[in-house]
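Results of the structural survey
In case you want the letters, here they are:
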Amino acid sequence: MEELKVPNHVAIIMDGNGRWAQNRGKKRTFGHQKGADTLKKISEYVYDKNIKVLSVFAFSTENWKRDKEEVDFLMNLFLKAFNKNFESVKKKGVKVIFSGLKTKLSDKVLDAMDKMSEETKDNKNGIFNICINYGGQDEIAEAAKKICTDVVDGKIKTSDINTSMFNKYLFNDLPPIDLLIRTSGEYRISNFMLYQMAYAEMYFTDVLWPDFDENEMDKAIESFNKRDRRYGGVKKK
Ligand code: FPP
């Protein structure tokens, strides 16, 4: 049997928590609770599959527009996850990093993020990139600002700017995304990791995030295996 190719960097837009709960006559927050359980399960599974980098969209810069009750619930869920639920990921030797703007987040959440990053910074078995208060256009604009500052300060020359050095100015210097998964039947990128997504294969499924499981992850990897990745070139016969 031919061996499965495993994507190096998988990114997930975990969509459909609210609908999952509403379909059951429950509050949207119940769906987020279930969504957090799914993330715990999937974050344990991917590294066993030898996927090296997992990026997840946990909270966008637009999500602040939601009701205060929902935003507060999500922030508490993050706190619980960073202080306790992601112990299993730490035990696997995975490095946890965060992408996003530091503005608007409470000191409590920022401290839990710092603690998690500090405790896992030397881990080498994989990278878990959690995007909170994140927007892809913001990430690119912030990188452009830092590059301009370095040019003005004489640290680099304009002629030094290229795509791989630009990558180093992003929130984190991550490898390109190989596979993007979006759940819940929506076919959008929603301002997620625009720079890293340049040649990503896209996998959309109708499954709502709380119902996504190891079997669904396997289906996404199988689909990735059928793709013919040419990066703009022509495949040699
Ligand atoms: C999108 O579904 C989901 C979110 C905005 C939140 C994602 C958060 C989690 C999965 C919780 C766990 C995360 C961590 C890092 C512990 P939606 O609410 O937009 O669903 P809908 O489209 O059905 O309304």
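Right, let's get into the overall build of the chain. In terms of regular secondary structure, the chain is built from eight helices and six strands. Along the chain, helices (α) and strands (β) appear in the sequence β-α-α-β-α-α-β-α-β-α-α-β-β-α when read from the amino end. In terms of its C-alpha atoms, the chain occupies a principal-axis envelope of roughly 55 × 55 × 35 Å. In the structure as shown, the chain presents an accessible area of about 12700 Å², 51% of it carried by carbon and sulfur atoms. Here the chain contributes 41 positive and 36 negative side-chain charges, whose respective centroids are spaced 1 Å apart.

Turning our eyes to something else, we now look at the packing of aromatic side chains. Two descriptors summarise a pair of aromatic rings, namely the distance from one centre to the other and the angle between the planes of the rings. Scanning the model with the defined rule gives 14 aromatic pairs in all. Here the aromatic rings of Trp-209 and Phe-212 are separated by 5.3 Å at their centres, their planes lie at 20°, and the arrangement is stacked. The pair formed by Trp-209 and Phe-212 is uniform in burial state, with each residue classed as buried. Within the aromatic cluster, the residues linked to one another by ring pairs are Phe-59, Trp-64, Phe-78, Phe-82, Phe-86, Phe-98 and Phe-128. The ring of Trp-20 has Arg-24 sitting right over it, with the charged end atom 3.9 Å from the ring centre. Above the ring of Phe-30, the side-chain terminus of Lys-26 is found at 5.1 Å from the ring centroid.

Next up on the list: the pattern of salt bridges. The final tally for this structure, using the stated rule, is 20 salt bridges. Note that Arg-19 and Glu-186 form a salt bridge whose closest N and O atoms lie 3.4 Å from each other. Taken together, the residues span a long stretch of sequence, with Arg-19 in helix 1 (residues 17-22) and Glu-186 in the loop between strand 5 (179-182) and strand 6 (201-204) at a distance of 167 residues. The partly exposed category is assigned to Glu-186, whose relative accessible area is 21%. Where Glu-216 meets Lys-219, a salt bridge forms, and the shortest distance between an N and an O atom there is 3.2 Å.

Although it is not a glycine, Ser-184 sits at a positive phi angle of roughly 80°. Note on placement: Ser-184 falls in the loop between strand 5 and strand 6. Positive phi values are uncommon outside glycine, yet Met-193 reaches one of about 40°. Within the element layout of this structure, Met-193 appears in the loop between strand 5 and strand 6.

This part takes up the packing of helix 3 (residues 68-85) against helix 5 (residues 107-120). At a minimum axis distance of 9 Å, the contact between helix 3 and helix 5 shows a crossing angle of 25°. Between helix 3 and helix 5, the crossing angle belongs to the class labelled roughly parallel. Handedness of the helix 3/helix 5 crossing: left-handed. Packed against helix 3, whose contacting residues are Met-75, Leu-79, Phe-82 and Asn-83, the element helix 5 presents Lys-108, Val-109, Ala-112, Met-113, Lys-115 and Met-116 at the interface.

The rules behind these values
Residues numbered from 1 in each chain as written. Predicted model: local features only at pLDDT ≥ 70, side-chain atom pairs only at ≥ 80, totals over all residues. Heavy atoms only, no water. Helix = DSSP H or I, 4+ residues; strand = E, 2+ residues; numbered from the N terminus. Areas by Shrake-Rupley, 256 points an atom, 1.4 Å probe, with all protein chains shown as cover. Lys, Arg positive; Asp, Glu negative; His and termini not counted. Charge placed at Lys NZ, Arg CZ, Asp CG, Glu CD. Phe/Tyr/Trp six-rings, centres within 6.5 Å; stacked < 30°, edge-to-face > 60°. Buried < 20%, exposed > 50% of the residue type's maximum accessible area, 1.4 Å probe, protein only. Lys NZ or Arg CZ within 6 Å of the ring centre and 35° of its normal. Salt bridge = Lys/Arg side-chain N within 4 Å of Asp/Glu carboxyl O. Axes fitted to C-alpha atoms, helices over the stretch in contact; angles between N-to-C directions. Parallel < 35°, antiparallel > 145°, perpendicular 65-115°, else oblique. Left-handed = near helix turned anticlockwise from the far one by under 90°. Contact = heavy atoms within 4.5 Å.

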